[in-house]
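Given next are the chains, with one letter for each unit.
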Amino acid sequence: IMLLPDNISSGINAEYGDKEAMKNLSDEEKVGLVSKAVRNIYLVRHGQYEIAETEDHKRILTALGREQAEITGDRIKEVLGDTITHVYISTKPRAMETGHIILKHLKEDIPVDYSELIWEGAPIAPIPEPEYWKPEPWEFFRDGARIEAAFRRFIHRAHPTQTEDSHEVVVCHGNVIRYFVCRALQNDPAGWLRYSLSNCSITHLVVRPNGNVTLRGFGEKGHLPPQMITYN
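Below is a short write-up of the structure. Nothing here was measured: the structure is a model prediction, and the numbers come from that model.

1. As for the overall build of the chain
And step 1. In terms of regular secondary structure, the chain is built from six helices and six strands.
And step 2. The order of helices and strands in the chain, counted from the N terminus, is α-α-β-α-β-α-β-α-β-α-β-β.
And step 3. Burial status across the chain gives 50% buried among its 232 residues.
And step 4. Counting only contacts in the chain whose residues sit at least 6 apart along the sequence, the fraction spanning at least 24 positions is 73%.
And step 5. Of the roughly 11,600 Å² that the chain leaves accessible, carbon and sulfur atoms contribute 52%.

2. A word on the sheet that holds strand S6 (residues 213-220)
And step 1. Reading across from one edge, S3-S2-S4-S1-S5-S6 is the order of the six strands in this open sheet, with mixed pairing throughout. Of all strands in the sheet, those bounded by a partner on one side alone are strand S3 (112-115) and S6. Averaged over all pairs of adjacent strands, the angle between strand axes in this sheet comes to 15 degrees, irrespective of strand direction.
And step 2. Sheet contacts for helix H4 (residues 93-103): strand S1 (39-45), strand S2 (86-90), S3 and strand S4 (166-172); angle to S2, the most-contacted strand, approximately 155 degrees.

3. A look at the environment of Asp-143
And step 1. The topology assignment puts Asp-143 in helix H5 (residues 137-154).
And step 2. According to the relative accessible area criterion, Asp-143 is buried, its value standing at 6%.
And step 3. Taking the C-alpha atoms as reference, Asp-143 lies 9.9 Å from Ile-118; in sequence the two are 25 residues apart.
And step 4. Look past the residues within four positions of Asp-143 in its chain and what remains in contact with it is Gly-121 and Ala-122.

4. Things to note about the pairing of S2
And step 1. Of all five residues that make up S2, five are buried, and the element is covered over most of its length.
And step 2. Both S2 and S4 contribute to a ladder of four bridges, which runs parallel. Paired with Tyr-88 across the bridge in S4 is Val-170.
And step 3. Bridging between S2 and S3 involves four bridges; their strand directions are parallel. Within S3, the position partnered with Ile-89 by the bridge is Tyr-114.

5. Some remarks on unusual backbone geometry
And step 1. Residue Ile-127 is joined to Pro-128 through a cis peptide bond whose omega torsion reads 0 degrees.
And step 2. For Gln-186, which is not a glycine, the phi torsion comes out positive at approximately 60 degrees.
And step 3. Of note, Gln-186 is situated in the loop between helix H6 (174-184) and strand S5 (202-207).
And step 4. Of note, the phi angle at Cys-200 is positive, near 60 degrees, even though the residue is not glycine.
And step 5. Inspection of the secondary structure assignment puts Cys-200 in the loop between H6 and S5.

6. So, the environment of Leu-33
And step 1. With respect to the helices and strands, the residue Leu-33 is situated in the loop between helix H2 (27-31) and S1.
And step 2. Residue classification places Leu-33 among the buried positions, given a relative accessible area of 16%.
And step 3. As a C-alpha pair, Leu-33 and Thr-161 span 128 residues in sequence and 8.5 Å in three-dimensional space.

Conventions used here
- Residues numbered from 1 in each chain as written.
- Predicted model: local features only at pLDDT ≥ 70, side-chain atom pairs only at ≥ 80, totals over all residues.
- Heavy atoms only, no water.
- Helix = DSSP H or I, 4+ residues; strand = E, 2+ residues; numbered from the N terminus.
- Buried < 20%, exposed > 50% of the residue type's maximum accessible area, 1.4 Å probe, protein only.
- Contact = heavy atoms within 4.5 Å.
- Areas by Shrake-Rupley, 256 points an atom, 1.4 Å probe, with all protein chains shown as cover.
- Pairing = 2+ DSSP bridges.
- Axes fitted to C-alpha atoms, helices over the stretch in contact; angles between N-to-C directions.

Listed below in structure tokens is the structure:
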């Protein structure tokens, strides 16, 4: 299990040693406790899906959604080539289908993991409150804890043992990505619904060894023809 920092902006990973105790360590000892590599995280929203369906197993990609995923796979291959170090995919059907289509365009030996943490959900009550979307309060309690846990699992500095920069692709959902971006940039997470993401858009976060986070690209969709841009 990867140990996670308690504060993404802290220079040293607290879980790798008590902060007070670390004051007594030599510079050489501290080197083994500090992140050294840059993590590039590419958050990909799934393709267009059958939004009218109410059962998860029926909420699969539309024909257009599959085309979007094919083009996105080409784009990721074009930009990242063989530098991708890991792919993570939500286990919701629409995300799995998108991820598997993208994987067809990438090299075969890339490690792939699946996660229920990055399922779609209601991360936190948005401000301002929207008129068109009103989850029950319990839904925020149920989903919010999970999505926050997902943030801590996926958005953090490199482990001190990582020596090379990484390029990781996470195929998941719009609400999850928007919440991740707010948290990573230390913005009020209640503002997550003010962002908009199209299907198969790509969001690029950079997490540096000192914990500084850069949003290098948000919801990029220029690889898709205008007539193929959708938001459901």
